[in-house]
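Each chain, letter by letter, is given below.
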Amino acid sequence: MAVATLFTPFHVDGLALANRIVIAPMCQYSAEDGCMTDWHVIHLGHLALSGAALLTIEATAVAAEGRITYADSGLYSDACEAAMRRTLDAVRRWSDMPIAIQLAHAGRKASTEVPWKGRGQIAPDHAHGWIAEAPSPLPFAKSELAPKMLNRDDLRRLRDAFADSARRAARLDLAAVQLHAAHGYLLHQFLSPLANQRDDEYGGSLANRMRFPLEVFEATRAAFPAGRPVSVRVSGTDWADGGWDIAQTAAFAQELEKRGCGAIHVSSGGLTPAQKIPMGPSYQVPLARAVKQAVKIPVIAVGLITEFEQAEAILGTGDADLIALARAMLYDPRWPWHAAAHFGARIKAPDQYLRSQPHYLPHLFDVGGGG
Ligand SMILES: Cc1cc2nc3c(=O)[nH]c(=O)nc-3n(C[C@H](O)[C@H](O)[C@H](O)COP(=O)(O)O)c2cc1C
């Protein structure tokens, strides 16, 4: 039987991937002052035993005020870096799965409550609250306090913050950096005309709206070792009239490609409460397909990919090179094992779990330890 594409190896820049399954970044809202806690050892630790090709650390703030919530993880101080090193040391002791990190700044969507306590904006005069900053003084929701508009010095500071965090990521031996330019956070706010109404060279035309995200990309790429990929996660559309759309996304992807971007990860939405998302299985795959047609670098599809044959079909039809899973991995962290079993492929399992191999699948586990 031919090997399923899902279980064929792949390369992004100098990063070798054992198969096509990527674990998408997932905020855990369990950090203290930006520092990872034991929760991250548990969370990342069990995902690192899953057999996926790549584990992506959650949206990690490049500045304290760029956190979505007070409990977000960050990589903006020596303390954050030390906490992440402790976490990574623990995970890596038992898994050799490559680990990437998503670097992020929430812009106007900063200073909110954690999801399980309601997500609402926290005012700057409350505990755990601060003034958010954004391309334009436009709040995400009309009821919210407007963010402070970023000036030129602020832009330099933020661009440097992304680069500094990328240097910390390099010191932590992370395999790749993903810039978060999706879901309505800072870089996406610059891209979308619904959030960016600046009249300087960072607003207006598409070239102007792309300028800051591209500057951040260039600074990040320069700060992270050559050969280790810097990829970008985009929202392919705002799903709202007058917003960011797939044609602009394709143009942005081409500009990123010219600057050495490793891969484009195509998500969508998050910029405006007015969005109307046609939610359903593979709902973002057509966006990935459109980006794939615009660039030669690898494209990652994500969003309600839950079934093995569905994942294989996305790769088989050439809509994307890799698939990313978020909720399916939380629900079933052994999804890659089950997918390998389904397709008759082999997958890595930790030595400690080798005895769990079902008797009717005598060749499932690649013996040799690690993730
Ligand atoms: C708990 C949770 C946390 C998330 N945090 C992030 C994040 O840190 N960065 C990001 O880009 N997307 C984040 N997402 C979105 C996922 O990465 C993914 O794009 C989305 O859930 C759709 O994929 P899925 O259908 O496989 O879950 C999060 C999703 C979940 C469920």
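The shown structure was predicted, so the numbers you read here are calculated from the model rather than taken from an experiment. Throughout this document, residue positions are counted from 1 along each chain, in the order its sequence is written. Local features are withheld for residues below a pLDDT of 70 in this predicted model, meaning they are given only at 70 or higher, and side-chain atom pairs are given and counted only at 80 or more; totals for whole chains, interfaces and linings count all residues. For side-chain calculations, the full set of non-hydrogen atoms in the structure is used, while hydrogens and water are omitted.

K.L.:
Help me out: how do you make sense of the overall build of the chain in this one?
P.N.:
The secondary structure listing takes helices from DSSP runs of H or I that are at least 4 residues long and strands from runs of E that are at least 2 residues long, numbered from the N terminus. Within the chain, the secondary structure is distributed over 10 helices and 14 strands. Our radius of gyration looks at C-alpha atoms and nothing else; its globule reference is 2.2 Å times the residue count to the power 0.38. In terms of overall dimensions, the chain is globule-like: its C-alpha atoms have a radius of gyration of 20 Å, near the 21 Å expected for 371 residues. In terms of principal-axis extent, the alpha carbons of the chain reach across some 65 × 40 × 40 Å. The buried label applies to any residue whose accessible area, calculated with a 1.4 Å probe on protein chains only, is under 20% of its type's maximum; exposed applies above 50%, and partly exposed to all values in between. Here the chain, with 371 residues, has 59% of them falling under the buried criterion. Where accessible areas are quoted, they stem from the Shrake-Rupley method and a 1.4 Å probe; at the residue level, only the protein chains shown are allowed to cover. Summing over all exposed atoms, the chain offers an accessible surface of approximately 15,000 Å²; the carbon and sulfur share of this is 55%.

K.L.:
I keep staring at the site of the ligand and nothing clicks. Help me out?
P.N.:
Residues are classed as near a molecule or strand on a simple rule: at least one heavy atom within 4 Å of it. Taken together, 15 residues are adjacent to the ligand, and C27, Q102, R233, L304 and R327 come closest. The backbone of P25 places a nitrogen or oxygen atom 2.9 Å from an oxygen atom of the ligand. Contact with the protein chains removes 82% of the 600 Å² of surface that the ligand exposes when unbound. Note on residue categories: nonpolar means Ala, Val, Leu, Ile, Met, Phe, Trp, Tyr, Cys or Pro, charged means Asp, Glu, Lys or Arg, and polar means any other residue, Gly included. Its residues placed into classes, the shell around the ligand shows nine nonpolar, four polar and two charged. Under this definition, polar contacts are N or O atom pairs within 3.5 Å; protein pairs additionally need one hydrogen-donor-capable and one acceptor-capable atom, and for neighbouring residues in sequence, both atoms have to be side-chain atoms.

K.L.:
For this particular structure, what's the right way to read the sheet that holds strand β10 (residues 264–267)?
P.N.:
Consider a sheet: its strands pair through backbone hydrogen bonds, and that pairing is either parallel or antiparallel. Strand pairing requires that DSSP identify at least two bridges connecting the strands. Strand order around the closed barrel formed by eight strands is β3-β4-β5-β8-β9-β10-β11-β12, with parallel pairing between neighbours. Across the sheet, the mean angle from the axis of one strand to that of its neighbour is 30 degrees, orientation sign disregarded. Summarising the sheet, β10 and strand β11 (residues 299–302) pair through three bridges and their orientation is parallel. Bridge assignment links V266 to a residue of β11, and that residue is A301. Residues count as neighbours in contact if any of their non-hydrogen atoms are within 4.5 Å of one another. Only the stretch in contact is used when a helix axis is fitted, and all axes are lines through C-alpha atoms; the angle between N-to-C directions ranges over 0 to 180 degrees. Taken strand by strand, helix α6 (residues 246–258) contacts β8 (176–181), β9 (230–235) and β10, and its axis lies near 170 degrees from that of β9.

K.L.:
Got a minute to help me understand the side chain of Q28 in this structure?
P.N.:
Within the secondary structure layout, Q28 lies in the loop between β3 (21–23) and α1 (38–47). Q28 sits in the buried class, given a relative accessible area of 10%. A polar side-chain atom of Q28 sits 2.8 Å from a polar atom in the side chain of W39.

K.L.:
For this particular structure, what's the right way to read the nonpolar core?
P.N.:
Nonpolar side chains in soluble globular proteins generally cluster together in the buried interior. Residues belong to a common nonpolar core when they are buried Ala, Val, Leu, Ile, Met, Phe, Trp, Tyr or Cys residues joined through side-chain atoms within 4.5 Å. The biggest cluster of nonpolar side chains holds 89 residues, and the ones touching the most others in it are L6 and F252. Here the element with the most residues in this core is helix α3 (residues 152–171); it accounts for eight residues. Discounting chain neighbours no more than four positions away, the residues touching F252 are A181, L191, M210, P213, L214, V232, V234 and W244.

K.L.:
How should I be thinking about the environment of A313 in this particular structure?
P.N.:
Positionally, A313 belongs in helix α8 (residues 308–316). Looking at A313, the relative accessible area reads 40%, which means it is partly exposed. Through-space distance from the C-alpha of A313 to that of L271 is 29 Å; in sequence the pair is 42 residues apart.

K.L.:
Even after reading the chapter, I still don't get the packing of α6 against helix α7 (residues 285–294), so can you show me in this structure?
P.N.:
Packed helices, taken two at a time, are described by the angle between their axes plus the distance between the axes. For the pair α6 and α7, the least separation of the axes is 9 Å and the interaxial angle reads 45 degrees. Put simply, α6 runs oblique to α7. For the crossing formed where α6 meets α7, the hand is right-handed. In contact with I246, T249, A250, A253, Q254 and E257 of α6, α7 contributes L287, A290, V291 and A294. Of the residues belonging to the contact of α6 with α7, the class tally is seven nonpolar, two polar and one charged. Orientation is classified from the angle alone, with under 35 degrees giving roughly parallel, over 145 giving roughly antiparallel, 65 to 115 giving roughly perpendicular, and any other angle giving oblique. By convention, the crossing between two helices is left-handed when the near helix turns anticlockwise from the far helix through less than a right angle, and right-handed when the turn is clockwise.

K.L.:
Mind showing me how you'd approach the packing of aromatic side chains here?
P.N.:
Two descriptors summarise a pair of aromatic rings, namely the distance from one centre to the other and the angle between the planes of the rings. Stacked, tilted and edge-to-face are the three classes assigned to paired rings of Phe, Tyr and Trp, where Trp is represented by its six-membered ring and a pair needs centres within 6.5 Å; plane angles under 30 degrees give stacked, over 60 edge-to-face, the rest tilted. All told, the structure shown has six aromatic pairs when counted by the stated rule. Between the aromatic rings of W244 and F252, the centroid separation amounts to 6.1 Å while the plane-to-plane angle is 80 degrees, which identifies the pairing as edge-to-face. Overall, F252 belongs to the buried group, its relative accessible area being 1%. Ring centres of W337 and F365 lie 4.9 Å apart, and the angle between their planes is 70 degrees; this geometry places the pair in the edge-to-face category. Here F365 lies in strand β14 (residues 365–366) and W337 lies in helix α10 (residues 335–343), a separation of 28 residues in the sequence. Residue classification places F365 among the buried residues on the basis of a relative accessible area of 4%. Of the aromatic side chains, those joined through ring pairs into one cluster are F190, Y202 and F212. Throughout this description, the term charge over a ring refers to an Arg CZ or Lys NZ atom that lies within 6 Å of the ring centre and within 35 degrees of the ring normal. It is R334 that lies over the ring of W337; its NZ or CZ is 4.7 Å from the centre.

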